[in-house]
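# A closer look at the structure
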Amino acid sequence: GTLATEVIYVIYETHLRDIRRTQRLTLRQLSELSGVSFSEIDQIERYNVDPRISTVVLLAKSLKCGLDDLFSLTNNVRYYKHACILCHKNAMIYT
C-alpha cells in the first residue's frame, strides 16, 4: 500500500489577544514566556499567519489554558480566508 496524506483545513477564530489581555500580558511578555517570537504572536492575533500546532501548544501552556480556549471553529464567512492547516491525517491506501 501507499501512504496518502489528507490535509484537514479548519476554519478558526482566535481568542489569543483576549486571553493575553485578560491575563494582563504584553506581547513581549507572552513571547518571553512561550518562546514564540513577538512578531509571530502579533501576526497570529491579526490573522496574518496560520499558526503551527506546535506554536499553539506553546502559547496555550504559557497562558495556562486549553487549545480550545485559544481557538474555536467558526462558520463566520469573514474567517474563511484564514483557513489553517492544523494537522495531517494519515491513511493507508491499498492499490
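Each value, and the rule that gives it
- Residues numbered from 1 in each chain as written.
- Predicted model: local features only at pLDDT ≥ 70, side-chain atom pairs only at ≥ 80, totals over all residues.
- Heavy atoms only, no water.
- Phe/Tyr/Trp six-rings, centres within 6.5 Å; stacked < 30°, edge-to-face > 60°.
- Lys NZ or Arg CZ within 6 Å of the ring centre and 35° of its normal.
- Salt bridge = Lys/Arg side-chain N within 4 Å of Asp/Glu carboxyl O.
- Helix = DSSP H or I, 4+ residues; strand = E, 2+ residues; numbered from the N terminus.
- Buried < 20%, exposed > 50% of the residue type's maximum accessible area, 1.4 Å probe, protein only.
- Polar contact = N/O pair within 3.5 Å; in protein donor to acceptor, adjacent residues only side chain to side chain.
- Axes fitted to C-alpha atoms, helices over the stretch in contact; angles between N-to-C directions.
- Left-handed = near helix turned anticlockwise from the far one by under 90°.
- Contact = heavy atoms within 4.5 Å.
- Nonpolar A, V, L, I, M, F, W, Y, C, P; charged D, E, K, R; others polar.
- pLDDT = per-residue confidence, 0-100.

### Brief notes about the packing of aromatic side chains
- Overall, the coordinates contain zero aromatic pairs when judged by the stated rule.
- Of note, Arg 28 hangs over the ring of Phe 38, and the distance from its end group to the ring centre comes to 4.5 Å.

### Observations concerning the pattern of salt bridges
- What the rule picks out here adds up to four salt bridges.
- A salt bridge links Arg 52 to Glu 40, with the nearest nitrogen and oxygen atoms 3.9 Å apart. In this pair, Arg 52 is assigned in the loop between α3 (38-45) and α4 (53-63) and Glu 40 in helix α3, connecting sequence segments twelve residues apart.
- According to the relative accessible area criterion, Arg 52 is exposed, its value standing at 51%.
- With relative accessibility at 19%, the residue Glu 40 sits in the buried group.
- A salt bridge links Asp 42 to Arg 46; its shortest N-O distance comes to 2.7 Å.
- Judged by relative accessible area, Arg 46 falls into the partly exposed class, the value being 39%.
- Sharing partners across several salt bridges, the network here consists of Arg 17, Arg 20 and Glu 45.

### Quick look at the environment of Thr 22
- Residue position: Thr 22 is located in helix α1 (residues 16-22).
- On the accessibility criterion, Thr 22 (65% relative accessible area) is exposed.
- Reaching out from Thr 22, the side chain makes a polar contact with the backbone oxygen of Asp 18 at a distance of 2.8 Å.

### Examining the packing of helix α2 (residues 27-34) against α3
- It is at 8 Å that the axes of α2 and α3 come closest, and there the two elements cross at 115 degrees. Classified by chirality, the crossing of α3 by α2 is right-handed. Taking contact as the criterion, the partners of Leu 27, Arg 28, Leu 30, Ser 31 and Ser 34 in α2 are, on α3, Phe 38, Ile 41, Asp 42 and Glu 45.
- The residue makeup of the contact of α2 with α3, split by class, is four nonpolar, two polar and three charged.

### Observations concerning the confidence of the model for the protein chain
- Considering every residue of the protein chain, the mean pLDDT works out to 75; 63% of them sit at 70 or more.
- Element-level mean pLDDT values for the protein chain span from 37 in strand β4 (residues 84-93) up to 97 in α2.
- Across residues 4-9, where pLDDT falls below 50, the model places 19 contacts with residues more than four positions away in sequence or in other chains.
- Between residues 77-95, whose pLDDT stays under 50, and residues either more than four places distant or in other chains, the model counts 49 contacts.

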